[in-house]
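Geometric and topological summary
So the chains spell out like this:
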Amino acid sequence: SDSDSGSEDSSLSDSELQEAFARGALKPGLNLVLEERPKRRNDTAGLKQCLSEFRQELAWVERLDVTLGQVVDPISQSATDKDAVDPENDFQREMSFYRQAQAAVLEALPRLRKLQVPTRRPDDYFAEMAKSDQQMQKIRQKLKSKQEAMERSEKAKQLRAMRKYGKKVQTEILQRRQKEKKNMLNAVKKYQKGLSDKLDFLDEEQTLSQGNKKGSASQRIKKGPNAKRRYKNQKFGFGGKKKGSKWNTKESFNDVSSFRSKVAHNKGPGKAGKGGKKALNKRPGKRARQKMKSRAR
């Protein structure tokens, strides 16, 4: 019937349809008319021939096949069969494979030792790597570049965090200064209007400045210049302003502790009258100089 032929057509694959089209078996329409159903083949002789080829009478050392029965679970001490192992349980299934392989190894090792077949790798055994040295060098360079990139990104994150924290601290300081300035201006306005008779912020600033001076002096005494600064001072001098270093200041002008009136007016011991020091260093006259010249001749 048409329904049977339609179901047969739907079950055909694209390759079968192409083969039928090449043979000319396709006719106009959606139905494919088959002359006869393909017979199922049971080639027993061919299967037996393949089985006989598989069964080669070779020594066990050439085959190294190990067949075992049920493997006993060392924990439960029970034979693990198909009913005991749940195929849906991944851990149980993999453990059964592991126990089967372990039991096969334990059985094969004594037989290999009996046949004097070495089972351990010698000390001077050299196995060439699957990848060449050039490929491994490329892998090392790739890993190194990845590690450096990660380090750079980590440093960038730290810098961003530090900048963010620095900006936050800076804004807090600016806000606090603005608040202090505003309070100071309000206090000055109140004082000018006569609403208050005290300027508390001046006392606070004076105490703070004194405390800062003491703290800075103690820090200078404790810390002092570092080794690099001391070496440069020793090599190049202390630097600073050279021009006008001997000029008087307000403090030096008002300091008269080193003033000596006798020295200033040439009245000290060893002074000869009004001349004093000048009299001792007075140049001899013309006649005296001529006499000294004649004596020298």
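Structural notes, computed from the coordinates. (Residues numbered from 1 in each chain as written. Predicted model: local features only at pLDDT ≥ 70, side-chain atom pairs only at ≥ 80, totals over all residues. Heavy atoms only, no water.)

Turning next to the overall build of the chain. Per the secondary structure count, the chain includes 12 helices and two strands. Sequence separation of at least 24 residues holds for 35% of the intrachain contacts in the chain that already meet a minimum separation of 6. (Helix = DSSP H or I, 4+ residues; strand = E, 2+ residues; numbered from the N terminus. Contact = heavy atoms within 4.5 Å.)

Now for a positive patch on the surface. On the surface, Lys157, Arg160, Arg163 and Lys167 cluster together into a positively charged patch. Among the secondary structure elements, Arg160 is positioned in helix α6 (residues 133-193). (Patch = residues over 30% accessible without salt bridge, like charges linked within 9 Å, V, L, I, M, F, W, Y side chains within 5 Å. Areas by Shrake-Rupley, 256 points an atom, 1.4 Å probe, with all protein chains shown as cover. Salt bridge = Lys/Arg side-chain N within 4 Å of Asp/Glu carboxyl O. Lys, Arg positive; Asp, Glu negative; His and termini not counted. Charge placed at Lys NZ, Arg CZ, Asp CG, Glu CD.)

The backbone of Leu64 sits at a positive phi, close to 55°, despite the residue not being glycine. Here Gln116, not a glycine, exhibits a phi torsion of approximately 60°, which is positive. Examined against the element boundaries, Gln116 turns out to sit in the loop between α5 (90-114) and α6.

Looking now at α5. Taking 1.5 Å per residue as the helical rise, α5 with its 25 residues ought to reach 36 Å, and the 37 Å between its terminal C-alpha atoms agrees with that figure. Within α5, the full set of buried residues consists of Ser96, Arg99, Ala108 and Leu112. Here α5 starts with a cap whose side-chain oxygen sits 3.4 Å from the backbone nitrogen of Phe91, and that cap is Asn89. Phi turns positive, to about 60°, at Gln116, one or two residues after α5. (Expected span 1.5 Å × (residues − 1). Buried < 20%, exposed > 50% of the residue type's maximum accessible area, 1.4 Å probe, protein only. Polar contact = N/O pair within 3.5 Å; in protein donor to acceptor, adjacent residues only side chain to side chain.)

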